[in-house]
Amino acid sequence: MGFCGLSEATGRFCTRCGAILDIQTAAALQDEMESLDGKLSTILQDEDVQRLLVKKMIELGIE
Ligand SMILES: [Zn+2]
């Protein structure tokens, strides 16, 4: 059952709200997010990336 309470939904995602219905899919997505998180923090430690980010933030007017 998804967050919206649609109980008749079948498959991996609720057809109404898009909530993940099966635990294996949820766990796989969680793993993916964690691995992406690790990659992102490695990428963000790179000085070239930091310089590019600062440049982009200035360009876009983000403080
Ligand atoms: Zn739902």
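Everything here concerns the structure above.
Residue positions are counted from 1 within each chain, in the order its sequence is given. pLDDT decides what is reported in this predicted model: residues at 70 or higher carry local features, side-chain atom pairs at 80 or more are listed and counted, and totals for whole chains, interfaces and linings draw on all residues regardless.

(A) Highlighting the overall build of the protein chain. Put simply, DSSP H or I for four residues or longer makes a helix, DSSP E for two residues or longer makes a strand, and each gets a number counted from the N terminus. A count of helical and extended segments in the protein chain gives two helices and zero strands. Burial is judged by counting the other C-beta atoms within 10 Å of a residue's own C-beta: 20 or more makes it buried, 12 or fewer makes it exposed, and any count in between marks it as partly exposed, with every C-beta position built from the backbone. Taking all 63 residues of the protein chain together, the buried fraction comes to 2%.

(B) A look at helix α2 (residues 47–60). Look at α2: 20 Å from first C-alpha to last across 14 residues, which is about the 20 Å you get at 1.5 Å a residue. Counting buried positions over the 14 residues of α2 gives zero, only a small fraction of the element. Count one or two residues on from α2 and you reach G61, which has phi positive near 75°. Every helix has an expected span of 1.5 Å times one less than the residues it contains.

(C) Local environment of the environment of D22. Among the secondary structure elements, D22 is positioned in the segment before α1 (23–44). Taking C-alpha positions, D22 is 7.8 Å from G11, a pair spaced eleven residues apart along the chain.

Just distances and angles here, no functional claims.
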